[in-house]
There are 2 protein chains.
Amino acid sequence: MGHQTVTWDDELVPSDSGRTVAPSANCPVEVALAAISGRWATLVLRDLMGGPRSFSALRAGLPQLSAKVLTERLDGLVAQGLVRRDRSPGFPARTAYALTGAGLALRPLLVELYRTGEALLKSTS
Amino acid sequence: MGHQTVTWDDELVPSDSGRTVAPSANCPVEVALAAISGRWATLVLRDLMGGPRSFSALRAGLPQLSAKVLTERLDGLVAQGLVRRDRSPGFPARTAYALTGAGLALRPLLVELYRTGEALLKSTS
DNA sequence: CAGGATCCTAAAAGATACTG
DNA sequence: CAGTATCTTTTAGGATCCTG
């Protein structure tokens with residue numbers, strides 16, 4: 001096949017860091033995985049891709065997801081800078097969750113997840 | 001922006017199945033996620049992208065990974081049809097693990113994971 | 001060489017009830 | 001409305017020792 005200009009390793013491993021030999025927080029792959037990990041993460045992200053959502057709207061869209069787990073997911077996404085939490089003062093409380101620019105950057109990854117999953121389903125059937 | 005011909009939902013939700021409201025095994029996204037989930041899955045897959053590997057070669061490449069966990073990962077990948085296990089008869093035992101066609105189909109997803117992770121790292125720094 | 005068998009710990013998820 | 005507090009269950013991962 002001749003020599004390729006770009007190999008898997010070229011794309012996956014920074015040339016100055018050597019080969020990844022264990023899961024490490026500063027590996028790009030791990031960073032991306034952290035964003036979509038957790039049983040409900042992709043579903044929450046999908047809902048947010050449609051625009052800002054309130055806590056209750058997210059719960060309504062994902063009926064089986066408990067408040068506790070949703071809070072945990074959201075906290076994680078906020079901590080990673082993927083989602084912004086906007087609290088409106090007053091009572092009853094109102095909060096909107098919206099994707100940040102970094103959060104929006106996940107869209108191609110989610111699309112690729114879907115695409116790959118479809119391909120796997122076809123090759124299996 | 002005008003109307004788009006393809007929206008997130010168009011790509012992510014089959015039109016005949018309604019909206020996904022809980023993690024479900026027949027959702028393409030879940031299928032793809034299953035392939036790359038587990039603390040070491042992406043690292044094992046990366047090694048296999050380089051060609052067939054023996055059990056020991058995989059262990060040597062991932063020194064911190066225990067035999068048990070590697071076996072679990074490999075069993076999962078085989079069960080999903082992503083990896084083929086080729087046992088050579090005789091003693092000592094010899095086994096080669098190789099990606100199937102379906103397994104090779106994961107490459108773009110891994111590349112996208114890397115790409116997205118890099119983007120996130122940049123937007124954070 | 002390539003695992004299987006056990007036991008243990010930690011983290012994630014779920015159920016339920018309650019509060020600012 | 002938007003969470004918090006607890007408690008219980010589930011699951012992934014790791015350590016160690018053993019076997020075909």
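Reference entry: report on the structure contained in this document. (Residues numbered from 1 in each chain as written. Chains lettered and ligands numbered in written order. Predicted model: local features only at pLDDT ≥ 70, side-chain atom pairs only at ≥ 80, totals over all residues. Heavy atoms only, no water.)

With respect to the pattern of salt bridges
Okay, step 1: With the rule as written, the count across this model stands at 12 salt bridges over all chains.
Okay, step 2: Between B:Lys68 and B:Glu72 there is a salt bridge whose closest N-O contact spans 3.5 Å. Of the two residues, B:Lys68 and B:Glu72 are both situated in helix H5 (residues 67-79); the distance of four residues between them amounts to about one turn of the helix.
Okay, step 3: Judged by its relative accessible area of 55%, B:Lys68 is exposed.
Okay, step 4: A salt bridge links B:Glu112 to B:Arg115; its shortest N-O distance comes to 3.1 Å. Remark: B:Arg115 and B:Glu112 occur in helix H7 (residues 107-124); sequence separation between them is three residues, near one turn of the helix.
Okay, step 5: Assessed through its relative accessible area of 41%, B:Arg115 is described here as partly exposed.
Okay, step 6: One network of salt bridges, in which partners are shared, links A:Arg19, B:Arg46 and B:Asp47. (Salt bridge = Lys/Arg side-chain N within 4 Å of Asp/Glu carboxyl O. Helix = DSSP H or I, 4+ residues; strand = E, 2+ residues; numbered from the N terminus. Buried < 20%, exposed > 50% of the residue type's maximum accessible area, 1.4 Å probe, protein only.)

Notes on the protein's contact with DNA strand D
Okay, step 1: Around DNA strand D, a shell composed of 20 residues is seen, among which A:Ser56, A:Tyr97, B:Arg39, B:Lys68 and B:Arg73 lie nearest.
Okay, step 2: Looking at DNA strand D alone, sugar and phosphate atoms form 66% of those within 4 Å of the protein.
Okay, step 3: At a separation of 2.9 Å, a phosphate oxygen of DNA strand D approaches a polar side-chain atom of A:Arg87.
Okay, step 4: Mapped by element, the contributors of at least two residues to the surface near DNA strand D are helix H4 (55-61), helix H5 (67-79) and strand E3 (94-99) of chain A together with H5 of chain B.
Okay, step 5: By residue class, the composition of the surface near DNA strand D is nine nonpolar, five polar and six charged. (Near = heavy atom within 4 Å. Polar contact = N/O pair within 3.5 Å; in protein donor to acceptor, adjacent residues only side chain to side chain. Nonpolar A, V, L, I, M, F, W, Y, C, P; charged D, E, K, R; others polar.)

What to know about the side chain of A:Asp47
Okay, step 1: Residue position: A:Asp47 is located in helix H3 (residues 41-49).
Okay, step 2: Since its relative accessible area comes to 9%, A:Asp47 is described here as buried.
Okay, step 3: Engagement of the side chain of A:Asp47 in a polar contact is seen with the side chain of B:Arg19, the distance being 2.5 Å.
Okay, step 4: Residues within four places of A:Asp47 in sequence aside, it is in contact with A:Arg53, A:Leu58, A:Gly61, A:Leu62 and B:Arg19. (Contact = heavy atoms within 4.5 Å.)

What to know about H5(A)
Residues separated by three or four positions in an α-helix point in the same direction, a consequence of the helix having 3.6 residues per turn.
Residue and element names in this part refer to chain A.
Okay, step 1: Spanning 13 residues, H5 covers 18 Å between terminal C-alpha atoms, matching the ideal 18 Å at 1.5 Å per step.
Okay, step 2: Turning to H5, its buried residues number three or more, namely Leu 70, Leu 74 and Leu 77. One side of H5 holds all its buried residues, which, seen down the axis, span an arc of 60 degrees. Of the residues in H5, the exposed ones pointing more than 90 degrees away from the buried face are Lys 68 and Ala 79.
Okay, step 3: Tucked into the core, H5 has its buried residues touching helix H2 (28-36), H3, H4, strand E2 (83-88) and E3. (Expected span 1.5 Å × (residues − 1). Arc of directions from axis to C-beta.)

Thoughts on the relation of the copies chain B and chain A
Okay, step 1: Note on the copies: chain B fits chain A at an RMSD of 0.1 Å, the axial shift is 0.0 Å, and the rotation between them is 180 degrees. The superposition of one copy onto the other is thereby described by a two-fold rotation axis.
Okay, step 2: Comparing contact sets, 100% of the residues at the interface of chain B also lie at the interface in chain A, consistent with an isologous, same-surface contact. (Least-squares fit on C-alpha atoms with pLDDT ≥ 70 in both.)

Let's talk about the sheet that holds strand E2 (residues 83-88) of chain B
All names here are of chain B.
Okay, step 1: Spatial ordering of the open sheet is given by E1-E3-E2, a layout of three strands whose pairing is antiparallel. Every interior strand has two partners, whereas the edge strands, strand E1 (53-54) and E2, have only one.
Okay, step 2: In terms of strand pairing, E1 meets strand E3 (residues 94-99) through two bridges, oriented antiparallel. Bridging across to E3, Arg 53 finds its partner in Tyr 97.
Okay, step 3: This element, helix H3 (residues 41-49), spans E1, E2 and E3 of the sheet and lies at about 95 degrees to E3. (Pairing = 2+ DSSP bridges. Axes fitted to C-alpha atoms, helices over the stretch in contact; angles between N-to-C directions.)

Some details on the interface of chain B and chain A
Okay, step 1: Taken together, the contacts link 49 residues of chain B with 49 residues of chain A.
Okay, step 2: Roughly 4,400 Å² is buried in total at the junction of chain B and chain A, and carbon and sulfur atoms are behind 71% of that figure.
Okay, step 3: On the surface where chain B and chain A come into contact, there are two salt bridges.
Okay, step 4: We note a salt bridge from B:Asp47 to A:Arg19, for which the minimum N-O separation is 2.6 Å.
Okay, step 5: Linking chain B with chain A are six residue pairs in polar contact (both at pLDDT 80 or more), by the criterion used here.
Okay, step 6: Elements represented by at least two residues in the side of chain B that touches chain A include exactly helix H1 (8-12), helix H2 (28-36), H3 and H7 of chain B.
Okay, step 7: Top element by residues in the side of chain B that touches chain A is H7(B). It accounts for 15 residues.
Okay, step 8: In the side of chain B that touches chain A, the residues fall into 31 nonpolar, eight polar and 10 charged. (Buried area = accessible area lost by both parts, 1.4 Å probe.)

By themselves, these are just geometric observations and shouldn't be taken as functional.
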